[in-house]
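Structural characterization, general
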Amino acid sequence: MTGFKQPPVNHYMRPFYVWSESHENRKHKKLCLGDKRRTRVYLNWLRDVFIAYTNKPKWVFGFHSEVSHGDNNLVETADEDLTETLKFLNEAHYLDNTVLILMSDHGARFESLREQVQGKQEERLPFFGIYVPKMFKSKYPKAYNNLKINAERLCSPFDVYPTFVDILNANFSTGGLGDIRQRSISLFQEIPKERTCDHAGIEDHWCACLDWDPLPLNDSNATQASKALVEEINKWTSPQRKLCRELHLQNIKFASKLMHSQNMLKFKRSNDLDGYKADLSGHTKVAYELYQIQITTMPGYGHFEATLKHDLKSNKFIISLDDVSRTNKYGDDPHCIYENHEELRKYCYCKDKKSI
């Protein structure tokens, strides 16, 4: 969390932002630095890179979250600055030979919107937009057509890496069907229709393509899963028990179960050479079930969403740290471990805070 010992690129903005956040930002109006919006200061830097290196190949990466991380309603304050920057790049003809990607890493995670189905989907479906020059469309029509096709296919951030590799190597001529066995597929190749979250290495907790069936909040498995989640959270914080309080289940807000396809469970074999007719006389046994729950805990009123695997043989719930989302802000609740135990921030409620 402290950055690099040596700047990893020619122009590195982290030192400026670290200094600005601790020395300058508080002196000015909210979201401003002097007489400029801070989004404008940030986007001016991106613009200046193009001006300074007009005729040189370059790779520019910028990341800005100040206006979107805590309050969705502030995002619109960046609209004008972003529009002006995009207009500048277009009117100055920088986009004639530039691949431009505008993306986010996730949707709303903490606001009240996150409590709704829309917010749940947004967290799992970050925006990704890509622009390629007009000459690319005519020179590599197959690759461009695949880009358009892939807008309706299952993509993941892992696909960005092989896409960058293709850009670096100017490898656009193949443009065939991507290999579904690979975790990542270049967006200049056609992503197969049958690609699933499992193919793309997306864990069940983050997959937006699964069929979840809501459960009554008093369902015995939902209750058992919720208790198991709290127990597991307390196990994770137990090495820091001198600093972090033990949490207790306050409320179950939502519970659902992943429904297995009945035809998939009944499938035994194909009855014809072409595989069009299925023998559905099979009885595949299910070894585990998946549950997704939303709970609140005390002290601190933490909101958590988790996906748990229920091992039917042992009747135990299996939980991974990566499959738990904190869906409300933790603020300074974990201040006692904030610097040294980043992985526990969303779970720790420090003992020196008053219980809420």
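Here we summarise the structure given alongside this text. (Residues numbered from 1 in each chain as written. Predicted model: local features only at pLDDT ≥ 70, side-chain atom pairs only at ≥ 80, totals over all residues. Heavy atoms only, no water.)

**Considering helix 7 (residues 160–169)**
Every buried residue of helix 7 is accounted for by Val-160, Pro-162, Thr-163 and Asp-166. The arc enclosing the buried residues of helix 7, seen along the axis, measures out at 165°, which places them on a common side. What points out from helix 7, more than 90 degrees from its buried face, is the exposed set Tyr-161, Leu-168 and Asn-169. One or two positions beyond helix 7, positive phi appears at Ala-170, with a value near 50°. (Buried < 20%, exposed > 50% of the residue type's maximum accessible area, 1.4 Å probe, protein only. Helix = DSSP H or I, 4+ residues; strand = E, 2+ residues; numbered from the N terminus. Arc of directions from axis to C-beta.)

**A look at the nonpolar core**
Note on soluble globular proteins: their nonpolar side chains tend to be buried together. Within the largest apolar cluster, 27 residues are counted, with the highest numbers of intra-cluster contacts made by Leu-229, Phe-304, Leu-308 and Val-324. Sorting the residues of this core by element identifies helix 8 (220–237), strand 6 (248–258), strand 9 (288–298) and strand 10 (302–311) as the ones contributing at least two each. Tallying contributions element by element places helix 8 first for this core, with seven residues. Setting aside residues up to four positions removed in sequence, Leu-229 forms contacts with Ile-293, Ile-295, Phe-304, Ala-306, Leu-308, Ile-319 and Val-324. Among the nonpolar cores identified, the runner-up in size contains 10 residues, and Tyr-140, Phe-172, Ile-185 and Phe-188 belong to it. (Core = buried A, V, L, I, M, F, W, Y, C linked by side-chain atoms within 4.5 Å. Contact = heavy atoms within 4.5 Å.)

**A look at the side chain of Lys-353**
On the secondary structure map, Lys-353 appears in the segment after strand 12 (324–326). When its relative accessible area of 19% is taken as the criterion, Lys-353 is described as buried. Polar side-chain contacts of Lys-353 include one of 3.1 Å to the side chain of Asp-332. Sequence-distant contacts of Lys-353, that is, excluding residues within four places in its chain, are made with Arg-245, Asp-332, Asp-333 and His-335. (Polar contact = N/O pair within 3.5 Å; in protein donor to acceptor, adjacent residues only side chain to side chain.)

**Points about a nonpolar patch on the surface**
There is a patch of nonpolar side chains on the surface, built from Val-9, Trp-59, Phe-61, Phe-63 and Phe-164 and spanning about 560 Å² of accessible area. Residue placement: Val-9 occurs in the segment before helix 1 (14–23). (Patch = residues over 30% accessible without salt bridge, like charges linked within 9 Å, V, L, I, M, F, W, Y side chains within 5 Å. Areas by Shrake-Rupley, 256 points an atom, 1.4 Å probe, with all protein chains shown as cover. Salt bridge = Lys/Arg side-chain N within 4 Å of Asp/Glu carboxyl O.)

**Focus on unusual backbone geometry**
Between Met-298 and Pro-299 the backbone carries a cis peptide bond, its omega angle lying at 0°. Its location among the elements puts Pro-299 in the loop between strand 9 and strand 10. Phi is positive for Leu-31, which is not a glycine, with a value near 70°. Residue classification places Leu-31 among the buried positions, given a relative accessible area of 13%. At His-93, a position not held by glycine, the phi torsion is positive, near 70°. Locating His-93 in the fold gives a position in the loop between helix 3 (79–91) and strand 3 (100–103).

**Section: the pattern of salt bridges**
Taken as a whole and assessed by the stated rule, the structure comprises 13 salt bridges. Here Arg-181 ties to Asp-179 by a salt bridge, and the two come within 3.0 Å at their closest N and O atoms. By relative accessible area, which is 28% here, Asp-179 ends up partly exposed. With a closest N to O distance of 3.0 Å, Lys-257 and Glu-289 form a salt bridge.

**Quick look at the side chain of Thr-307**
Tracing the chain through its elements places Thr-307 in strand 10. Since its relative accessible area comes to 4%, Thr-307 is described here as buried. A polar contact of 2.9 Å, which involves the side chain of Thr-307, links it to the side chain of Gln-292. When near neighbours in sequence (up to four residues on either side) are disregarded, Thr-307 contacts Asp-204, His-205, Trp-212, Leu-290, Tyr-291, Gln-292 and Asp-323.

**A word on the environment of Phe-50**
Within the secondary structure layout, Phe-50 lies in helix 2 (residues 38–52). Taking the C-alpha atoms as reference points, Phe-50 and Ala-92, 42 residues apart in sequence, are found 9.8 Å from one another. Every residue in contact with Phe-50, bar those within four places of it in the chain, is listed here: Lys-58, Leu-89, Tyr-94 and Thr-98.

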